[in-house]
Each structure stands twice: as C-alpha cells, then as structure tokens.
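# Fold and contact review
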Amino acid sequence: MEPHGAAPTSDDARFMRRALQLAREARSDGEVPVGAVVTLDGAVVGEGRNRPVALADPTAHAEVLALRDAAGRVDNYRLTGATLYCTVEPCLMCLGAALQARIGRVVFGAHDRRVRPVARLDEMRRGGAAFNHRFECSGGVLAEEAAALLLEFFRERRAVSGLDDPGDVAAERFGTGIEDDPAGGR
C-alpha cells in the first residue's frame, strides 16, 4: 500500500459525490453516514452504504458492501485495477477487504485522525507484515462535505442522548485533510 500515492484525478470528485449520496441514504436509514463506490475502467461497478444496524451485521460497512456488489457484478472476487471510493478513511477491516480484492487504488474523503487506519496498515507492512498486494491511497477528496455529514450525525445523536458537548468527539476524530498532521492526517 502506498499511503501517499497518486494525486486525486479529475474523476475522483465525481465518484466521491456518488459516495456522498449513498452516505446521505445511510443517514436517512439511521446508520452512520458512510458511502462507498467501486469503479473499474471509469464505470461504477459497485456501491454500498453503511448498513450494520439494518442487517444486524458488524461487517456491513459501506466499503465491504460496495466490494461485494462489485465482485458480484463483474463475477470475480478479484477487482484488479478497480478504485474504491469511500467518504471516510476506511477502517482496518475494510482496508483488509480492499487488499483481498486486489483493489488498485483507494480514495477517501474525511480522514480518521484518531485511528489513522491507512497509516496503521503501512506501519504493519514496515513492521514485517508480508501482505501480498499493495494499492495507492489518496485522501481528502471532498473531505469537508464528508466530515460535515459525520459531525452533524454525531451531534444529533449526542443531543438526543443528552450528552454534553455534542459532536466534540467526532470533530476531533474526523478531519478534512492534512492541515494538522504532517503525515497526511492518516
């Protein structure tokens, strides 16, 4: 994996907008607003939105569902050369799924400044983990919009639950870019 891989392309914003729409759909369903799209040769071949509550499935993250959808549509569990777009930096489980699918590139919106999963995966590699695949990774595409969806969702949740300082935890966790982290916010 290349955490500081290729710069965003001209198509990245277009596909991220679709992922953001899926994130809004997840939010409407009461799920954490995360959306994901898989593209191959410039066409969408898979989509997903967070559904762990609706499906009673802790693995039903937007990225995993998008990868499953894409694999079904192309009739191959290997998605060599495909790009995975997700509205927030994928968790380690979703990055592992992208590795298993042989995704060529991962593009995400908001950074997860608390967990920094892309950096954690890279640290594992440097520590001796012999992953049999690598992919490029670009973050920060439409990050402000992606982070705003998450912040608004968690503020509403905390307000309903009566917790003080609604949204503070989410505001600290989800960032829009590299402004406060020389390692790229990952």
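Given the structure is predicted, the values throughout are model-derived calculations rather than measurements.

Turning next to the pattern of salt bridges. By the definition in use, this model includes 12 salt bridges. Two residues, R14 and D11, come together in a salt bridge whose shortest N-O distance is 3.2 Å. Take D11: its relative accessible area is 30%, and that puts it in the partly exposed class. Taking the shortest distance from any N to any O, the salt bridge between R49 and E25 comes out at 3.5 Å. Here R49, found in strand β2 (residues 43-49), pairs with E25, found in helix α1 (residues 12-28); they are 24 residues apart in sequence, far enough to count as distant. Assessed through its relative accessible area of 27%, E25 is described here as partly exposed.

A word on helix α6 (residues 143-161). An α-helical turn contains 3.6 residues, so a residue and the one three or four places further along point in the same direction. Taking 1.5 Å of rise per residue, 19 residues should cover 27 Å, and α6 covers 27 Å from first to last C-alpha, within 8% of that figure. For α6, every residue scored as buried is listed here: A143, A146, A147, L149, L150, L151 and F153.

Moving on, we get to the packing of aromatic side chains. Using the criterion set out here, one finds 2 aromatic pairs in the structure. On the numbers, 5.3 Å between centres and 45° between planes, the contact of F15 with Y85 is tilted. Note that F15 is positioned in helix α1 and Y85 in strand β3 (residues 83-88), a separation of 70 residues in sequence. The burial state of F15 is the same as that of Y85; both residues are buried.

Between two packed helices, the angle of one axis relative to the other and the distance separating the axes together describe the packing. Helix α5 (residues 117-126) packs onto helix α4 (residues 92-101) with a crossing angle of 60° between their chain directions and a minimal axis gap of 9 Å. Here α4 is positioned oblique relative to α5, judged by the angle of their axes. Two packed elements cross with a definite hand, and for α4 against α5 that hand is right-handed. Facing α4, whose interface residues are L92, L95 and L99, α5 presents P117, V118, R120, L121 and R125. The class makeup of the residues in the contact of α4 with α5 is 6 nonpolar, no polar and 2 charged.

Let us look at the environment of F135. Here F135 shows up in the loop between α5 and β5 (136-138). The exposure class assigned to F135 is buried, which follows from its relative accessible area of 1%. Note: C-alpha distance between F135 and L99 (36 residues apart in sequence) is 7.6 Å.

Along α5, the residues classified as buried are P117, V118, A119, L121, D122 and R125. Contacts from the buried residues of α5 go to α4, β4 (105-112) and β5. G128 occupies a position one or two residues after α5 and carries a positive phi of about 115°.

In this approach the atoms are scanned with a rolling probe the size of a water molecule, which exposes any empty space left behind. For the largest pocket, the calculated volume is near 320 Å³. Lining the largest pocket are 22 residues, and of these V34, N50, H61, V88 and R173 sit closest to its centre. At the level of elements, α2 (52-55) and α6 are the ones that each hand at least two residues to the lining of the largest pocket. Looking at the lining of the largest pocket element by element, the count peaks at 4 residues for α6. Taken together, the residues of the lining of the largest pocket break down into 13 nonpolar, 3 polar and 6 charged.

Conventions we followed
- Residues numbered from 1 in each chain as written.
- Predicted model: local features only at pLDDT ≥ 70, side-chain atom pairs only at ≥ 80, totals over all residues.
- Heavy atoms only, no water.
- Salt bridge = Lys/Arg side-chain N within 4 Å of Asp/Glu carboxyl O.
- Buried < 20%, exposed > 50% of the residue type's maximum accessible area, 1.4 Å probe, protein only.
- Helix = DSSP H or I, 4+ residues; strand = E, 2+ residues; numbered from the N terminus.
- Expected span 1.5 Å × (residues − 1).
- Phe/Tyr/Trp six-rings, centres within 6.5 Å; stacked < 30°, edge-to-face > 60°.
- Axes fitted to C-alpha atoms, helices over the stretch in contact; angles between N-to-C directions.
- Parallel < 35°, antiparallel > 145°, perpendicular 65-115°, else oblique.
- Left-handed = near helix turned anticlockwise from the far one by under 90°.
- Contact = heavy atoms within 4.5 Å.
- Nonpolar A, V, L, I, M, F, W, Y, C, P; charged D, E, K, R; others polar.
- 1 Å grid on protein atoms, 1.4 Å probe; cavity = no way out; pocket = protein on both sides within 12 Å on 5 of 7 lines; lining within 4 Å.
- Points joined across faces, edges and corners; volume = space filled by probe spheres on them.

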